[in-house]
Amino acid sequence: MRKYSLFIFLFFCLHFSAQAVSETQKLESLCRIWGFLKYYHPKVAQGRFNWDQQLFQKIDELKSIDDKKELNTLYAEWIDSLGKIETCSECSKKNDKVYFLKNFDLSWIENNDLFSKNVTKKLHYIENNRNLGESHYLGKGGRKVYFRNENSYGSRFTSQSISLLELFRYWNYVEYFFPYKYETDQNWNSVLTEMIPKFLNSDSDETYHLTLAELVTKTDDSHAYLFSKEISLNQYGNRRVPVEYSYAEGKLVVTKINSTAFKEKTPLLVGDVIYDVNGKTIPQLVNSFGKYVPASNSWGKIEKVKSHFLSTNRDSISMKIERGGHNLSITSRTYFAKDIIRTQNKSPENWKLLEKQIGYVNMGILKKEDLDMMYKNLQSTRAIIFDLRNYPNQTIEPLSQLILPEIATYYLFTFPETDYPGKFYSRKNIIGRRNKEYYKDDVVVLVNESTQSQAETTAMMLRQHPKAKLIGSNTSGANGDVITFKIAGLDTRFTGLGAYYPDGRETQRIGIIPDIIVKPTIQGIREGKDEVLERALLYIKTNN
């Protein structure tokens, strides 16, 4: 009996000493090491290897590995095969950059539950003698990076290995070059753990694209998107009800009826409030679409998905509406875009005078060449309203020199450090000039969830005016230049620079918070009111 017990004891000791590793653990570690070597190892970063083929080979080799010892033997031999790395004296020199380190995390190298001391030592040596300067896989255009020399394998599902490659490629892009990685709802490490099985289970173009879209969505960035016709057709549809609508209070308000090529009338009327579409409430639709639509926050998610609410592949949509105090159930026919006739609204003016010497500027239309004339016409007004519920046209710097009294620090940006991937360095940006002729009366800025990126930066510049007031609702919360690239042959992007208040406070995912909060209401939309603009006019009247 003692011999039998000893045998069992020795069996379990030997079994557990082997430290078995799971399929996901193996692939997680491979993703990390492959991405690290791609950007850190001098010979890999200089493009001396077909790095995709190296990954495919290692994916195959992992299939026969069952424990930690075998895994580390594979990694140690792989690293050694890449050649000797010369000592880098420049790598340890300090510079005068102020580093932002919230995204920087190489702690995984110290995971002794997975990596041997030998492999950890080799990885740290590479970190300390890393590639500096030119990289085969990275370029720098102005103040942001761009990805280059990446092989395309098309957008069709072809194999598990290629699916994993695209996951690993994107995951490492975010790991080293997305400035807001630290702000994602889900820790980026656990994203990898979750997504590996999902990519392994993809077996068609549709599931592949949806899994890619889910991955992109986990950046929680309103700048991000994945353009996939497969998703657009199968998830949203290419037919829609021929109406236009606004969103308020969790419902849709019909604002315009479009005619169709078939001269058929929709049962909807202007002012109808839609609260249910095909058995789903509007918040339920947001949640349904939201899994595959990245956004910085809930209001940004609504802004990005609301155009899909009345879209489908079916020839009709059932809705529940409120009209004249009654709840009604209706069904409306849907049409292809080519069969919907949209009448053009009157083109809005760049700027105009409103009541009692109040100027109004539409920043989405105003161009640089219009600035001097605009200011000449409006500088004698008692207030100027700058409408930023749109996307401006690179007018921020020349406008600041007209409006602000002096040079101001209006934003702090963080830039990716290509010589030490994962680190970012920060720099404060100034704007304006010393200007005795600056605009001395009220500056009112209108913002909402459509105010994104350059529009948010412009709002922050205008906020430097001594008599500025922001009115509306929280802005998008996605700021900083974008990096545009392809993943699995599909167009995608994410924010490339971090953007903060001068004191380091964050705007990403939060947005710029107005001084006076005003949101459109169902009643206001029904009556054709611009409630944000009306509140701005009230503020100006009561403030003077």
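Quick caveat, the model's predicted, so the values are computed rather than measured. Along each chain, the written sequence defines residue order, and numbers are assigned to residues from 1. Per-residue local features are limited, in this predicted model, to residues with pLDDT of at least 70; the limit for side-chain atom pairs, both in listing and counting, is 80 or more; totals at the level of whole chains, interfaces and linings are taken over all residues. Hydrogen atoms and water are omitted, and side-chain values are computed over all heavy atoms in the structure.

1. Looking at the sheet that holds strand E23 (residues 482–487)
And step 1. Ordered by their spatial adjacency, three strands build an open sheet running E4-E24-E23, and the pairing between neighbours is antiparallel. Either end of the sheet is taken by a strand with one partner, and the two such strands are strand E4 (225–226) and E23.
And step 2. By this definition, two strands are paired if DSSP reports at least two bridges between them. Put simply, DSSP H or I for four residues or longer makes a helix, DSSP E for two residues or longer makes a strand, and each gets a number counted from the N terminus. With six bridges joining them, E23 and strand E24 (residues 490–495) adopt antiparallel strand pairing. By the bridge assignment for E24, Lys 486 is matched with Asp 491.
And step 3. Where helix H7 (residues 160–177) meets the sheet, it contacts E23 and E24, and its direction lies at approximately 165 degrees from that of E23. When checking whether two residues touch, look at their non-hydrogen atoms; a contact exists if any pair is within 4.5 Å. With axes taken as lines fitted to C-alpha atoms, and helix axes fitted only over the stretch in contact, angles between N-to-C directions fall between 0 and 180 degrees.

2. Thoughts on the confidence of the model for the protein chain
And step 1. pLDDT is defined as a per-residue confidence score from the predictor, taking values between 0 and 100. Model confidence for the protein chain is summarised by a mean pLDDT of 94, while 97% of its residues fall at 70 or above.
And step 2. Residue range residues 6–17 is modelled with pLDDT below 50. Its contacts to residues more than four positions away, or to other chains, number zero contacts.

3. Let's talk about the packing of H7 against helix H9 (residues 205–217)
And step 1. Between H7 and H9, the least distance of the axes is 11 Å, while the angle of their chain directions is 15 degrees. When the axes of H7 and H9 are compared, the pair comes out roughly parallel. Crossing of H7 against H9: the hand is right-handed. Here Ile 162, Ser 163, Glu 166, Leu 167 and Tyr 170 of H7 lie close against H9, whose contacting residues are Tyr 208, Leu 212, Leu 215 and Val 216.
And step 2. Of the residues assigned to the contact of H7 with H9, the class counts are seven nonpolar, one polar and one charged. Here roughly perpendicular refers to angles of 65 to 115 degrees, roughly parallel to angles under 35, roughly antiparallel to angles over 145, and oblique to all remaining angles. Two helices crossing with the near one rotated counterclockwise from the far one by less than a right angle form a left-handed crossing, whereas a clockwise rotation gives a right-handed crossing. Three categories are distinguished: nonpolar for Ala, Val, Leu, Ile, Met, Phe, Trp, Tyr, Cys and Pro, charged for Asp, Glu, Lys and Arg, and polar for the others, with Gly belonging to the last.

4. Comments concerning the packing of aromatic side chains
And step 1. To pair, rings of Phe, Tyr and Trp, with the six-membered ring standing in for Trp, must have centres within 6.5 Å; the planes then decide the type, stacked if under 30 degrees apart, edge-to-face if over 60, and tilted in the middle. Applying the stated criterion across every chain yields a total of 35 aromatic pairs.
And step 2. Judged by centre distance (6.4 Å) and plane angle (10 degrees), the ring pair of Trp 171 and Trp 188 falls under stacked. Of this pair, Trp 171 sits in helix H7 while Trp 188 sits in helix H8 (residues 188–201), and the two are 17 residues apart along the sequence.
And step 3. Definition used: whenever NZ (Lys) or CZ (Arg) falls within 6 Å of the ring centre and also within 35 degrees of the ring normal, the charge is taken to sit over that ring. For Lys 440, the ring lying beneath its charged end belongs to Tyr 438, and the centroid distance is 4.5 Å.
And step 4. The cationic tip of Arg 505 hangs over the ring face of Tyr 501; the distance from NZ or CZ to the ring centre is 4.1 Å.

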